[in-house]
Amino acid sequence: MANNSKIWKGNWTFILAAAGSAVGLGNIWKFPYMAGENGGGAFVIIYLTCIVLIGFPVMMSEIFLGKYGRSSPVYTMKKFVSLKGISSYWVLLGWFGALAGLMILSYYSVFAGISLAYIFSPIPTDSLNPSQYSVDFFAQFQSSPMRMIFWHSLFLILTCFIVAKGVVDGIGATIKIIMPTLFFLIILLSIYSSFTGEIGKAISFLFMPDFSKISSSVIISAMGQAFFTLSLGMGAIMAYGAYIPEEQNLTKTVSLIIFLDTFVAIIAGIIIFPIVFANPELTPTAGPSLFFETLPVAFYGIPFSFFASALFFILVSLAALSSSVSLIEPSTAWMEDRFKISRTYAVTILGSIAWLLGLGSLFSFNLIAEFQIFSMSFLDFMDFLTNSIMLPLGGLFIALLVGWILSENFVKEEMKIKNELYWKIWINLTRYVAPILIGLVFIFALF
Ligand code: PHE
């Protein structure tokens, strides 16, 4: 359980840790390919709308719950049950989130593993057709289960190692270095890519909405991505909220995290699409492979390309690591409390479960490529189930809990919102806008 000695020192530590959780493969790898697959601008607009109208109130709510509970999500919910007299069924929300986190980690680690591998795999400088080389390289990589298992395992071991050391000691310090360096490097890269690639085409693809492309699947994917990228709906942010200093201003903190996260996603798009449109071998609809096929091309030909590309993939892997630790943190903290076992023991068991489950996603590239569940590959099914269903459902219940179940006075006081108008806007977003939008997207997608 969090006690005072564990409260993060200074406002920046929470911001960096939460931004570390939010900014990860979701921004750099997933956002560009999802925008690419779902028609560009139309997807981006729905995504941004969901970030503001749903992401903002849900993130505030999650931090608020964690801060009050000062414990892992399951125990935080138990605290609300005992102190606020809410139904004990709410504890399920904590469980459900911990499960979603493990499920996401299982395939997240497969892709983060590929980033690790790419530290050592730049395009050779004598390559005649770099973009073709890059596409072929990825195809070869994904057809080798043993190679993928090696990197998947390595990434999970690193994740578990950090979590075993404890969130505060394990990530508090490292993130201070990773995040600023990553920001700096992606800005440089985006400038480089704008000058050398087709920036005009990239901008119109990302920002000119073609509304004929909007379908129920685009909408549900955009909402799922908004939850995924902000780490919402499964308790990661709630678990970190347990360590937030008492007096920290939630609105400012959340706005900054959301801004940083969105900024990184858009910049990632501005790195990737100019290169995609400048090379006929690359296509915007490539799917999960888009990032791995495109990025090496960005580095090809620049001075010290080996070094630059290695540095970039190191940073991406570190950003993935600062997200993956938050995926397994809620379940680890719960096991530690529940069974009175060491963090190391708890995270080893949970990491092994994620590893095994991850093999299913990993083999979707090769051994079980033909296997389908509801006409999706195992990987796509896991992705759909977690991002499009479980996270929004978690977010829906979080908004309902804070908006409807807990007393308004209590929430208002704890949130320390003084401005009446702002409070009205905030509570209405939480009470009506977010739940209704999530509900509508579900209904629209199902029928
Ligand atoms: N937000 C992380 C990313 O964008 C992924 C994540 C999802 C982390 C859910 C924690 C919880 O990479």
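This text follows the structure it describes.
These lines cover the structure that appears in this document, whether it is placed above or below. Source: prediction; values computed, not measured.

1. Overview of the packing of aromatic side chains
This structure, assessed with the given rule, holds 36 aromatic pairs. When the centroid spacing of 5.8 Å and the interplanar angle of 65° are considered together, the rings of Phe 111 and Phe 365 count as edge-to-face. A residue pair is termed long-range when its members are at least 10 positions apart, and Phe 111 in helix H5 (residues 91-118) and Phe 365 in the loop between helix H15 (343-363) and helix H16 (378-405) qualify at 254 residues. Taken as a pair, Phe 111 and Phe 365 share a single burial class, namely buried.

2. A few points about a nonpolar patch on the surface
A cluster of nonpolar side chains, namely Trp 404, Ile 405, Tyr 432, Ile 436 and Leu 440, defines an oily patch on the protein surface of about 510 Å² accessible area. Looking at the nonpolar patch, the elements that each hand over two or more residues are H16 and helix H18 (420-446). Its relative accessible area of 47% is what places Trp 404 among the partly exposed residues.

3. Let's talk about H15
The terminal C-alpha atoms of H15 lie 30 Å apart, and with 21 residues this matches the ideal 30 Å at 1.5 Å per residue to within 8%. Within H15, the full set of buried residues consists of Arg 343, Ala 346, Val 347, Leu 350, Gly 351, Ala 354, Gly 358, Leu 359, Gly 360, Ser 361, Leu 362 and Phe 363.

4. Concerning the site of the ligand
As a matter of local geometry, the ligand sits amid 14 residues, with Ala 22, Gly 26, Tyr 108, Phe 228 and Ser 231 nearest to it. Ala 22 is positioned such that a nitrogen or oxygen atom in its backbone is 2.8 Å from an oxygen atom of the ligand. One nitrogen or oxygen atom from the main chain of Thr 229 is found 3.1 Å from a nitrogen atom belonging to the ligand. For the ligand, whose accessible area on its own is 320 Å², the fraction buried by protein is 100%. With respect to the pocket detection grid, the ligand is positioned in the largest cavity. For the shell around the ligand, the secondary-structure elements that each account for two or more residues are helix H1 (11-22), helix H2 (25-37), helix H10 (216-229) and helix H14 (305-339). Looking at the shell around the ligand residue by residue, the classes come out as six nonpolar, eight polar and no charged.

Thresholds, definitions, all that
Residues numbered from 1 in each chain as written. Predicted model: local features only at pLDDT ≥ 70, side-chain atom pairs only at ≥ 80, totals over all residues. Heavy atoms only, no water. Phe/Tyr/Trp six-rings, centres within 6.5 Å; stacked < 30°, edge-to-face > 60°. Helix = DSSP H or I, 4+ residues; strand = E, 2+ residues; numbered from the N terminus. Buried < 20%, exposed > 50% of the residue type's maximum accessible area, 1.4 Å probe, protein only. Patch = residues over 30% accessible without salt bridge, like charges linked within 9 Å, V, L, I, M, F, W, Y side chains within 5 Å. Areas by Shrake-Rupley, 256 points an atom, 1.4 Å probe, with all protein chains shown as cover. Salt bridge = Lys/Arg side-chain N within 4 Å of Asp/Glu carboxyl O. Expected span 1.5 Å × (residues − 1). Near = heavy atom within 4 Å. Polar contact = N/O pair within 3.5 Å; in protein donor to acceptor, adjacent residues only side chain to side chain. 1 Å grid on protein atoms, 1.4 Å probe; cavity = no way out; pocket = protein on both sides within 12 Å on 5 of 7 lines; lining within 4 Å. Sits in = over half its atoms within 2 Å of the grid points. Nonpolar A, V, L, I, M, F, W, Y, C, P; charged D, E, K, R; others polar.

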